[in-house]
Amino acid sequence: MARMVTIKINGTDYEAQKGVRLLTVLDKNGIRVPHLCYHHALTPAAACKLCVVEVAEKDKPIRTRLACAVKVVEGLAVTTESAMIQQMRNTAIGDLLKLAPHSETIHRIGKEYGLTTGIIPDGCIRCRLGIRVCSEIIGAKALRMIKQEGRNYVAPSEKGECIGCLTCTNICPTNAIRFEDEENVRTIYVRGEVVGRHTLEKCQICGNLYATTRFLEHVKHSEEGHPDEKEEHHHCPTCSKLYYRRNIRLTQPKFAKKVKP
């Protein structure tokens with residue numbers, strides 16, 4: 001049977017098996033320390049550098065070490081929070097973000113432990129494609145570029161001109177602008193901020209929800225006075241094609257067969 005020893009963590013005594021990794025003891029006792037690369041069944045790699053703590057052994061001075069690399073011994077004194085620890089964790093998480101700047105896990109750990117992760121990437125490359133297509137092609141002007149803390153961000157316009165056509169989501173090269181259809185409501189987002197929320201209309205033939213009310217109104221208004229203005233129908237793209245082909249067949253003239261003399 002493994003020998004039990006007493007160690008002190010943040011001023012409180014705990015019993016632990018001698019030689020067990022300190023990070024395992026901390027996890028077992030519900031003492032929160034950030035870590036990413038540790039597994040109790042494997043030899044520690046000490047790669048993420050997040051599990052830094054302060055330790056003191058007998059007469060040795062206090063020093064910072066990675067909890068995954070420390071083996072428990074009798075009389076070990078451990079501190080899991082200090083200004084030095086926070087500084088070293090900030091450095092560690094900064095290094096990790098250089099490798100994986102879009103990692104949601106790293107940003108979550110940073111938020112949970114109050115670490116400085118810098119500007120959280122939002123997936124937007126500031127190409128302005130969504131803004132331009134909404135303004136130049138659709139004409140809704142529902143998106144704009146704003147500056148916050150010295151950085152440009154795509155944001156919804158102040159007057160809420162979005163019509164829910166999804167042109168911006170389709171053209172966005174990084175999926176920074178996205179949408180969700182839930183029941184009969186379509187919501188368009190950029191960085192979690194709502195650009196527009198709209199009611200969806202049903203196709204008059206198949207009954208499927210296919211377009212927003214504001215988009216259909218926009219199309220109707222755009223076609224007013226056009227010489228080739230079509231009769232108004234609420235048809236989804238699939239049913240619209242079938243409806244058009246059917247009408248073409250019905251209106252095409254039938255030619256009589258030639259009779260041999």
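What counts, and at which threshold
- Residues numbered from 1 in each chain as written.
- Predicted model: local features only at pLDDT ≥ 70, side-chain atom pairs only at ≥ 80, totals over all residues.
- Heavy atoms only, no water.
- Pairing = 2+ DSSP bridges.
- Helix = DSSP H or I, 4+ residues; strand = E, 2+ residues; numbered from the N terminus.
- Axes fitted to C-alpha atoms, helices over the stretch in contact; angles between N-to-C directions.
- Phe/Tyr/Trp six-rings, centres within 6.5 Å; stacked < 30°, edge-to-face > 60°.
- Lys NZ or Arg CZ within 6 Å of the ring centre and 35° of its normal.

### A word on the sheet that holds strand E1 (residues 4-9)
- The mixed open sheet is built from five strands, whose spatial order is E2-E1-E5-E3-E4. If you trace the sheet from one side to the other, it starts and ends with strand E2 (12-17) and strand E4 (63-66), each paired once. Put simply, the sheet's adjacent strands are angled 40 degrees from each other on average, direction ignored.
- When strand E3 (residues 52-56) meets strand E5 (residues 77-79), the two strands line up antiparallel, connected through three bridges. Counterpart to Ala56 in the pairing with E5 is Ala77.

### A word on the packing of aromatic side chains
- Enumeration over the complete set of coordinates arrives at zero aromatic pairs.
- Positioned over the ring face of Tyr153 is Arg126, at 5.0 Å from the centre of the ring.

### Notes on the sheet that holds strand E11 (residues 209-212)
- Taking strand neighbours across the sheet as the criterion, the four strands line up as E8-E9-E10-E11 in an open arrangement whose pairing is antiparallel. Looking at strand neighbours, the two that pair on one side only are strand E8 (177-182) and E11, the edges of this open sheet. Put simply, the sheet's adjacent strands are angled 30 degrees from each other on average, direction ignored.
- By the bridge criterion, three bridges tie strand E10 (residues 193-202) to E11 in an arrangement that is antiparallel. Across the sheet, Leu200 pairs through a bridge with Thr212, a residue of E11.

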